[in-house]
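# Tertiary structure, described
Here's the letter readout for the chains.
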Amino acid sequence: MAQKPSIPKGTRDFSPLEMVRRNYIFDTIKGVFRMYGYMPIETPAMENLDTLLGKYGEEGDKLLFKILNSGDFLSKADKALLEAGDSGRVTGQISEKGLRYDLTVPFARFVVQHQNDLTFPFKRYQIQPVWRADRPQKGRYREFFQCDVDVIGSDGLLNEVELIQIVDEVYRQLNIRVVVKLNNRKVLAGIAEIIGEPNRMVDITVAIDKLEKIGLQKVNQELEDKGLSNEAISKLQPILALSGDNFSKLNALSSVLAYSEVGLKGVDELKIVLNHTKSLGLNTPVEVDLTLARGLNYYTGAIFEVKALDVEIGSITGGGRYDDLTGIFGLKNVSGVGISFGADRIFDVMNQLDLYPTDVTAATQLLFVNFGEKEAAFALKIANTMRKNGIRTEIYPDGAKMKKQMNYADKKGIRFVAIIGESELNSNQITIKDMNAGTQETLSVENAIQTVVSGL
RNA sequence: GUGAUUGUAGCUCAGUUGGUUAGAGCGUCGGAUUGUGGUUCCGAAGGUCGCCGGUUCGAACCCGGUCUUUCACCCCA
C-alpha cells in the first residue's frame, strides 16, 4: 500500500474556496498599496545565508530554515567538527543558502544591489511567503505570507502618516475592526537614558512589552532578574503607570524625559504623526502605547502594531522605521519605514468572523448540461456567446446522466443551468433553469442572456 | 529550544477491567428516477486503530521511542 502522504509541520494546503478568499484579501491589500503609489517587487525564496544571518538576533538565526549544499557536501566539511557533533559550526560549512525569514531584509539587500536603478524615495510593496522554523501554534505557521509596504530614502514623517492611512483603508475595506498601536523607539531609548541604564534599552523594552500580559509586578521582577538596579526600576514606575489619552500621555512624557534629547525627539515625532492622523479623521483609533517594543532590533523611530478588536490572535500588522538597515549591506544614511500585513492571521480573523462578501466566493454562474456530441457542439458555441456577455460559463465535459450533472451544478453553487436537448436543438432555443427558484423556461439565446444577467 | 497535549473510515467522533469479525453520524459512489439538483428510501465501497519496538497466551486499550496536532513559555505576522 502507498504511504500516507503528508506535508511538513506548520504548512497548509489551500482549497479552491480558501484560495478565493485569500485572493480577496491579497487583492484588497494590493489595491490600497497601488492607490498610494507603491509598486510591486519580488525576491527569491532563498537568499545567501550571510544575507540573513545576524539580522534577527540570536533567536532569529535559530529560526532560519537552511538549505543543504548540493553534491557531496559532507566531504568538504571539517572532519573534526563533524566528529565533535558541533552542529552550529558545521552548518556554516554544509549550507550557504536559507529560506527568507521576512521581506524586509531581502528588500534592504535589493535596494543596495539595485541602488543605481532606483528612484528615491523608493516605494515598493511585496507579497510573498516567508518561512520560520518556529514551533507552530494558534496563528503561527512555519510558512506564511507577508504583505510588506515600505518607503526607503525618505525621513519625512508623512510616510508614517501614510502607512497609518493605508492600515485604516485596508481594514475598512476588509471590514475588520482594529486599533493601531503607536510607539517610538527614541522614546524608549530616552527612558533607558533617564533611568540611568542607556545600554539596557532592549532588556527594558522587552520586559515592559509584557506589561499587559503578565502585570506590573512580574515585569519589575523580570527587570530585577536581568540585573537592573532598584533605583532604575523605581525611576521607571511613573512611566509604566502613564495613562489617559494620547496627548496627556505625551505631555507627561515630555516632562519625564526633559533631560533626554533623544527622548524628546521621539515625543515630538509621535505628536506630529498623531496631529496629522487626527486631522485626517480616520476610522481606526490610533493609540500611543509605550509597552509596544517589538522584537526586531533594527527599528529606530516609529513602531506600529495593529490588533484586531474582535478576535484574540496577536498582532495582524506590524512595522516601523529603520534608519540603517541598508548600512549592513554597505549603503549608509538611507532611512526607511514600512509595515507588514500578516495575511494568514488576517485570513484567520476573516474566517472566524465570516467577513467575506457573498459575491467573493461565486465561481461559475452558468452550466451547460451535456447530452451528447451534437448537443455539446451547439452548447459550445452558445457558451462562448455567454462568456462574451460577461457570464462565467462552463460546459459539463462528459455526456453523463442528467442527475449527475444537475448534482454537480448544485454542489458548486452554480445559479443557472442551460439545457440543450433535441427539442431545443430543433427550435434553436435553450432552456434556462434557475437553481434557486427551481423554475425554468425555454428561450431564444438573446432572451436567455437577459434572464441570466438580470438574475445574477 | 523548554513543558504539556492529541492521533481510530474522506470528516466529526464512539469503542466497557486488555479477549473472537473495530462501530455510528455526515460525506462519497450506485440504485429507486433512460431530459431535471437539494428532500426521502434502499444498497455498497472505504480502517497496517499515526509509525517502530516492548510487556502479554492475547494490545485500538498498558509501557518506551518517534512523528503529528493543539496549547503555554521564548520569540513573533
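Cut-offs and rules
Residues numbered from 1 in each chain as written. Chains lettered and ligands numbered in written order. Predicted model: local features only at pLDDT ≥ 70, side-chain atom pairs only at ≥ 80, totals over all residues. Heavy atoms only, no water. UniProt positions renumbered as here; feature names shortened; annotations may be inferred. Helix = DSSP H or I, 4+ residues; strand = E, 2+ residues; numbered from the N terminus. Polar contact = N/O pair within 3.5 Å; in protein donor to acceptor, adjacent residues only side chain to side chain. Domains from an automatic or database assignment. Contact = heavy atoms within 4.5 Å. Buried < 20%, exposed > 50% of the residue type's maximum accessible area, 1.4 Å probe, protein only. Pairing = 2+ DSSP bridges. Axes fitted to C-alpha atoms, helices over the stretch in contact; angles between N-to-C directions.

Under an unreviewed UniProt entry, the name given to chain A is Histidine--tRNA ligase, and the organism recorded is Alkalitalea saponilacus. According to UniProt, the comment filed for chain A under the heading Catalytic activity (unreviewed entry) is "tRNA(His) + L-histidine + ATP = L-histidyl-tRNA(His) + AMP + diphosphate + H(+)". UniProt, in the comment section headed Subunit (unreviewed entry), describes chain A in these words: "Homodimer."

### Quick notes on the environment of Glu169
The topology assignment puts Glu169 in helix H7 (residues 158-174). Along the primary structure Glu169 and Thr28 are separated by 141 residues, whereas in three dimensions their C-alpha atoms are 9.6 Å apart. Of the polar contacts made by the side chain of Glu169, one reaches the side chain of Arg172; its length is 2.8 Å.

### Focus on the domain arrangement of chain A
Reports often express the size of an interface as the amount of accessible area lost when the parts come together. By domain assignment, chain A separates into domain 1 (8-64 + 101-176 + 326-361), domain 2 (178-309) and domain 3 (366-455). If you average the C-alpha positions of domain 2 and of domain 3, the two centres end up 63 Å apart.

### Considerations on the UniProt feature "binding site: L-histidine" (unreviewed entry) in chain A
The residues that UniProt annotates with the feature "binding site: L-histidine" (unreviewed entry) are Asp102, Leu103, Thr104, Arg132, Gln146, Asp150, Arg294, Tyr298 and Tyr299. Tracing the chain through its elements places Arg132 in the loop between strand S5 (122-131) and strand S6 (143-152). Dropping the residues within four chain positions of it, Arg132 is found in contact with Leu63, Phe65, Tyr101, Asp102, Tyr141, Arg142, Phe144 and Gln146. Mapping Tyr298 onto the fold places it in the loop between strand S8 (286-288) and strand S9 (302-308). Classification of Tyr298 by relative accessible area gives buried; the value is 12%.

### Description of the pairing of strand S7 (residues 178-184)
Where burial is concerned, most of S7 is hidden: seven out of the seven residues are buried. Both faces of S7 are covered, namely the face carrying Val178, Val180, Leu182 and Asn184 and the face carrying Val179, Lys181 and Asn183. Where S7 meets S8, three bridges bridge the pair, whose relative direction is parallel. Residue Val180 lies in a different strand from S8, and its bridge partner there is Val286.

### Details of unusual backbone geometry
A cis amide bond links Phe120 to the next residue, Pro121, at an omega of -5°. If you trace the backbone, Pro121 turns up in the loop between helix H6 (104-113) and S5. Positioned with a positive phi, Asp354 is a non-glycine residue whose angle comes to about 50°. Within the secondary structure, Asp354 sits in the loop between helix H15 (343-353) and strand S12 (366-368).

### Some thoughts on the sheet that holds S5
Taken in spatial order, the eight strands of this open sheet run S1-S5-S6-S11-S10-S9-S7-S8, and their pairing is mixed. Either end of the sheet is taken by a strand with one partner, and the two such strands are strand S1 (39-40) and S8. Looking at chain direction, S1 and S5 are connected through two bridges and run parallel. In the strand pairing of S5, Met39 is matched with Arg124. Packing against the sheet, helix H1 (residues 16-35) makes contact with S5, S6 and strand S11 (336-342), and its axis sits at approximately 5° to S6. On top of the sheet, H7 reaches S5, S6, S7, S8, S9, strand S10 (315-322) and S11; it is set at about 15° to S11, its chief contact.

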